[in-house]
Amino acid sequence: MHLVEQIEVLVSKVLSLFMIAVILAAIWDLAVFLFRELFTAPYGKFNTTLFKIFGLFLNILIALEILENITAYLRKHVVQVELVIVTSLIAVARKIIILDLEKVSGIDIIGLGVAILALSISYLIIRFSNSGNHN
């Protein structure tokens, strides 16, 4: 059993390093995209790419949350469900923010709404159950 725990820790550490590399690459990508849009795009085009910029920002935020999940696992050796739900909420919010309403069907929008509702209820249940445990 001890060997399995050591392998889990090693895998988590490797995943953390890879996630840091992904975050740094995403920040670089965002910086290059922003520079290109601010200084080379024709006037008035920046507003049309604003949602793409928001999407890139939220990608980095999601990656940071995943890194937080991994480091929390390394510290406590337990998956923190609240962090996973928050990460999922951010991912769904990102999807909604960058959503092109002309290219999606009504059922897709309903599905995203149901996902947000389910995740929000799950988050509230976990928050209330955690706050009840600490009193």
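Computed from a predicted model, the values in this text were never measured in an experiment.

Engineer: Describe the overall build of the protein chain, and please don't skip the residues or the numbers.
Structural biologist: Within the protein chain, the secondary structure is distributed over 4 helices and 0 strands. The secondary structure elements of the protein chain, listed N-terminal to C-terminal, are α-α-α-α. For 135 residues, the compact-globule estimate of 2.2 N^0.38 gives 14 Å, and the C-alpha radius of gyration of the protein chain, at 19 Å, exceeds that figure by more than 25%. Principal-axis analysis of the C-alpha atoms places the extent of the protein chain at approximately 60 × 35 × 30 Å.

Engineer: Before we move on, could you go through helix α1 (residues 2-40) and cite the residues and values that matter?
Structural biologist: An ideal rise of 1.5 Å per residue puts 57 Å on 39 residues; α1 measures up with 56 Å between its terminal C-alpha atoms. Residues of α1 that are buried include every one of S12, S16, M19, I23, L30, F33 and E37, and no others. Where α1 is buried, its residues meet α2 (50-76).

Engineer: Quick rundown of the packing of α1 against α2? Include the residues and the values.
Structural biologist: For the pair α1 and α2, the least separation of the axes is 9 Å and the interaxial angle reads 165 degrees. Of the possible angle classes, the one that applies to α1 and α2 is roughly antiparallel. Our pair here, α1 against α2, has a crossing hand that is left-handed. Considered class by class, the residues forming the contact of α1 with α2 number 21 nonpolar, 3 polar and 4 charged.

Engineer: Outline the pattern of salt bridges, listing residues and values.
Structural biologist: If you walk through the whole model with that rule in mind, you get 1 salt bridge. With a shortest N-O distance of 3.0 Å, E82 and R127 are connected by a salt bridge. Here R127 lies in helix α4 (residues 106-133) and E82 lies in helix α3 (residues 81-97), a separation of 45 residues in the sequence.

Engineer: Before we move on, could you go through the confidence of the model for the protein chain and cite the residues and values that matter?
Structural biologist: On average, the protein chain scores 85 in pLDDT, and the residues at 70 or more come to 93%. Per-element confidence in the protein chain is highest for α1, whose mean pLDDT is 89, and lowest for α2, whose mean pLDDT is 85.

Engineer: Can you explain the nonpolar core? Please cite residues and give values.
Structural biologist: M19, I23, L30, F33, I53, L56, I60, A63 and L67 together form the largest nonpolar core, which totals 9 residues. Where this core is concerned, the elements lending two or more residues are α1 and α2. The element contributing the most residues to this core is α2, with 5 residues.

Engineer: Pulling in residues and values, what's your account of the environment of L74?
Structural biologist: Relative to the helices and strands, L74 resides in helix α2. Of the residues examined, L74 reaches a relative accessible area of 22% and is grouped as partly exposed. Distance in space between the C-alpha atoms of L74 and L10 is 9.4 Å, their sequence separation being 64 residues.

Engineer: A description of the environment of F18 should follow, citing residues and the corresponding values.
Structural biologist: Tracing the sequence through the fold places F18 in helix α1. Classification of F18 by relative accessible area gives exposed; the value is 56%. Residues F18 and E65 lie 47 residues apart in sequence; the distance between their C-alpha atoms is 14 Å.

Conventions adopted
Residues numbered from 1 in each chain as written. Predicted model: local features only at pLDDT ≥ 70, side-chain atom pairs only at ≥ 80, totals over all residues. Heavy atoms only, no water. Helix = DSSP H or I, 4+ residues; strand = E, 2+ residues; numbered from the N terminus. Rg over C-alpha atoms; globule rule 2.2 N^0.38 Å. Expected span 1.5 Å × (residues − 1). Buried < 20%, exposed > 50% of the residue type's maximum accessible area, 1.4 Å probe, protein only. Contact = heavy atoms within 4.5 Å. Axes fitted to C-alpha atoms, helices over the stretch in contact; angles between N-to-C directions. Parallel < 35°, antiparallel > 145°, perpendicular 65-115°, else oblique. Left-handed = near helix turned anticlockwise from the far one by under 90°. Nonpolar A, V, L, I, M, F, W, Y, C, P; charged D, E, K, R; others polar. Salt bridge = Lys/Arg side-chain N within 4 Å of Asp/Glu carboxyl O. pLDDT = per-residue confidence, 0-100. Core = buried A, V, L, I, M, F, W, Y, C linked by side-chain atoms within 4.5 Å.

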